[in-house]
Amino acid sequence: MSRSVRTRPEGSGQALSKAYDTALLDLDGVVYAGGQAIAYAVESLATTRAGGMHLAYVTNNALRTPDAVAGHLTELGIPTEAGDVITSAQAVARLISEQVPAGSRVLVIGGEGLRVALRERGLEPVESADDEPAAVVQGYGGPDLTWGRFAEASYAVARGVPWFASNTDLTIPSGRGIAPGNGAAVEVVRIATGAEPQVAGKPLPPMHRETILRTGAERPLVVGDRLDTDIEGAFNGEVDSLLVLTGVTDGAQLLAALPQHRPTYVDADLRGLLTGQPEVEEEGQGFRCGGWTATAGAEGLELTGDGEALDGLRALCAAAWTAAGDGSCTLDGGKALARLGL
């Protein structure tokens, strides 16, 4: 993928599952939500896999082990092996192992996923700052993680022990709504110590490196629902991306996306892996996709024509991103999005 400023979603004459060898799929908001499979996910992934594309599941959630994630996906009807799952716990464990001696003790503030990943790298998880750890690692520990664990991390970090975080997502989706994520927990220790952790998870390079090392992907396609983790991670890794609209990103956020948050392709859900992508073409002062033409006018983004809502959104993205250049589009696209039902 070019690092030049993206001004429109790209087209593809081939189905994306044929144009790329590996799909690097986010989980929450892409494959499932609230523990249940998202509409069309099971069928789309089965067809994609049967067609020869390798599927890998890449998550910033460091709580669950790859075995547990694979088991959950299999229960949902998506047969998965533990080796198909890459977590931020694995990425941060590799990062730590490259900076401390083999067999070192590591203070764990988080769940079983972190402990398993550390042992895989030959490191010893410990529970107390008084256990003379060589590093502190913090990952999402679930709703039952006690306040005392943050104090334990703060004691060690204040003594100068190197501090690592699996990821810094401020929120995490749950069946009841949006809950505080590991980033919120990291903020607690940062406030207490004034220190800054080394971070491994999306959108940063250690997570992309871990994914490529474990999958061997040569033509990967990142598939996600979040601009600031999935799509920015693809940008940082210089690979292409597909944004699906089944998670946290809505039309207004997409139109206002900064260059590093602009996906290569946009589709409604995982059925987008099985199809080509329409071209967005310049037409006069605007951009046309399908039956829609979008322009950037003095009073905001304007949309004329008719057709598939997604084609209208793609045309609007081209008008908004071109007008914004290397910044964020501030033109009002509310009426145009409402017309598309987005």
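Our structure's up above, just so we're on the same page.
Draft legend 1. Layout of the nonpolar core. Counting 28 residues, the largest nonpolar core has Leu 254, Leu 255, Leu 303, Leu 313 and Leu 316 as its most contacted members. Secondary-structure elements contributing two or more residues to this core are helix H9 (227-237), helix H10 (251-255), strand E17 (286-289), strand E18 (292-297), strand E19 (300-305), helix H11 (309-324) and helix H12 (334-340). Per element, the largest residue contribution to this core is 10 residues, and it comes from H11. Beyond its immediate stretch of four places on either side in the chain, Leu 254 contacts Leu 227, Leu 243, Thr 249, Pro 263, Val 266, Leu 313, Cys 317 and Trp 321.

Draft legend 2. Examining the side chain of Glu 232 more closely. In this structure, Glu 232 sits in helix H9. The class of Glu 232 is buried, set by a relative accessible area of 19%. Those residues in contact with Glu 232 that lie beyond four places of it in its chain are Pro 203, Leu 227, Gln 260 and His 261.

Draft legend 3. Local environment of helix H2 (residues 41-50). Within the sequence span of H2, burial applies to Ala 41, Ser 44, Leu 45 and Thr 48. Buried positions in H2, seen along its axis, are confined to an arc of 95° and lie on one side of it. Structural note: H2 exposes Glu 43 and Ala 50 on the side pointing more than 90 degrees away from its buried face. Of the surrounding secondary structure, the elements contacted by the buried residues of H2 are helix H1 (16-19), strand E1 (22-25) and strand E4 (54-59). Positive phi appears at Gly 52, one or two residues downstream of H2, with a value of about 105°.

Rules behind the numbers
- Residues numbered from 1 in each chain as written.
- Predicted model: local features only at pLDDT ≥ 70, side-chain atom pairs only at ≥ 80, totals over all residues.
- Heavy atoms only, no water.
- Core = buried A, V, L, I, M, F, W, Y, C linked by side-chain atoms within 4.5 Å.
- Buried < 20%, exposed > 50% of the residue type's maximum accessible area, 1.4 Å probe, protein only.
- Helix = DSSP H or I, 4+ residues; strand = E, 2+ residues; numbered from the N terminus.
- Contact = heavy atoms within 4.5 Å.
- Arc of directions from axis to C-beta.

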